[in-house]
Amino acid sequence: MTLRVGVLGYRFMGKAHANAMARLPMFFPDAPDVERHVLVGRDEEALADAADRLGFETTSTDWESAIDDVDVFYNLGPNHVHAEPSIAALERGVPVLSEKPLSNDLASAERMADAAADAGVPTATAFNYRYVPALRYAKNLIDDGELGEIRHFRGRYLQDWLADPDAPWSWRNSEEMAGSGALGDLGAHTIDLARFLVGDVERVSGHCETFVDERPVEGEDETRPVTVDDAYSAQAELEDGAMATFEASRFATGHKNDHTVEVHGSKGSLKFSLERMNELEVLREDSRGYETILVTDADDPYVDHWWPPGHVLGWEHTFVHEDYEFLSAVESGEEYHPNFEDGAAVQRVLDAIQRSDAEAEWVDVA
């Protein structure tokens, strides 16, 4: 069976997933056969060029007709267009992968999760960092009790692409379209990793800050208001009493894509940085210091599909792993995680952090 895939969006994430689908038959021969069937967008000329570069058979400017002609739908558009096309696809029984955060607001994310539950087909929220081999290795250590009882989770995600106040306005600066700024764009990844590695977030105390209130519109002699956060921080309580701190900024000068995670337990600890994504630092019981493990051995997660031991993987490989797992679940009909309910769970935390900031108090996650 060949799975015909429709993809809404052809820029950053469209390229990432098109590349992943092209790699699947080379490195994951047991993956489902995939046809990059239709690429969906608004600009016919840009679509035609993108389809040619990314290997899609056809294009469409109408997502409603596109979802009637595919077996799987990838919604990689801006946050505010996640809900309606995804729900429509699910109502037709079409499995859906949606970019993160699941939507631009909690109500829409809940509608998407409800539609997924009613449809009974696999769904995915695109938290690709679950598929970093070093983080899979970390998950195995935690699940095997190597760190003992977990006391702390610390996660931060730092970038600097908006540090220049003259950087142009985009949809990511709009509350209506994005829902939040660094919180949803970057913090969603960190919160998902906290849930993946340790457990659910139960209550939060959050702080959101906007440093530049308006930005120039590219190619125009005007500015538009920035209505989302540029940075956020939060304290949190996880299930079973573990403490957590979350932080993200798009103003952290000198940081390009710096996602770091630390987990501390009663028997040991671990540290991970996306900027050194093939490494995991592990402190074991009775050890005096951290050991740096290069997670590239053939028996490490996913590594046997790629190169000889020691040959490092890159950021783009996480999408290959993600698409392999999701499309395999679609083919088999088995359950997949992180699904839309996982995405909604993260959205509840994002919403609670925003409410906590507005109310200046601790807030329970609904």
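These lines cover the structure that appears in this document, whether it is placed above or below. Bear in mind that the values here come from a model prediction, so they are computed numbers and not experimental data.

1. Remarks on the pairing of strand S8 (residues 201-209)
Link 1 in the chain: The pairing of S8 with strand S11 (residues 231-238) spans eight bridges and is classified as antiparallel. Bridge pairing in S11 places Val-204 opposite Ala-236.
Link 2 in the chain: Sheet analysis places S8 next to strand S17 (residues 363-364), joined by two bridges and oriented antiparallel. By the bridge assignment for S17, Val-204 is matched with Val-363.

2. Brief notes about the sheet that holds strand S5 (residues 96-98)
Link 1 in the chain: If you trace the six strands from one edge of the open sheet to the other, you get S3-S2-S1-S4-S5-S6, paired in parallel fashion. Since the sheet does not close on itself, it has two edges, and those belong to strand S3 (58-60) and strand S6 (123-125), each with one partner. The sheet shows a mean angle of 20 degrees between the axes of neighbouring strands, direction not considered.
Link 2 in the chain: Here seven bridges tie strand S1 (residues 2-8) to strand S2 (residues 33-40), and the two strands are oriented parallel to one another.

3. Some details on the packing of helix H8 (residues 182-197) against helix H10 (residues 340-359)
Link 1 in the chain: At a closest axis distance of 9 Å, the pairing of H8 and H10 adopts a crossing angle of 120 degrees. One element, H8, and the other, H10, form an angle in the oblique class. Relative to H10, the crossing made by H8 is right-handed. For the pair formed by H8 and H10, the contact residues are Leu-183, Gly-184, Ala-188, Ile-191, Asp-192 and Arg-195 on the first element and Asp-342, Ala-345, Val-346, Val-349, Leu-350, Ile-353 and Gln-354 on the second.

About the cut-offs
Residues numbered from 1 in each chain as written. Predicted model: local features only at pLDDT ≥ 70, side-chain atom pairs only at ≥ 80, totals over all residues. Heavy atoms only, no water. Pairing = 2+ DSSP bridges. Helix = DSSP H or I, 4+ residues; strand = E, 2+ residues; numbered from the N terminus. Axes fitted to C-alpha atoms, helices over the stretch in contact; angles between N-to-C directions. Parallel < 35°, antiparallel > 145°, perpendicular 65-115°, else oblique. Left-handed = near helix turned anticlockwise from the far one by under 90°. Contact = heavy atoms within 4.5 Å.

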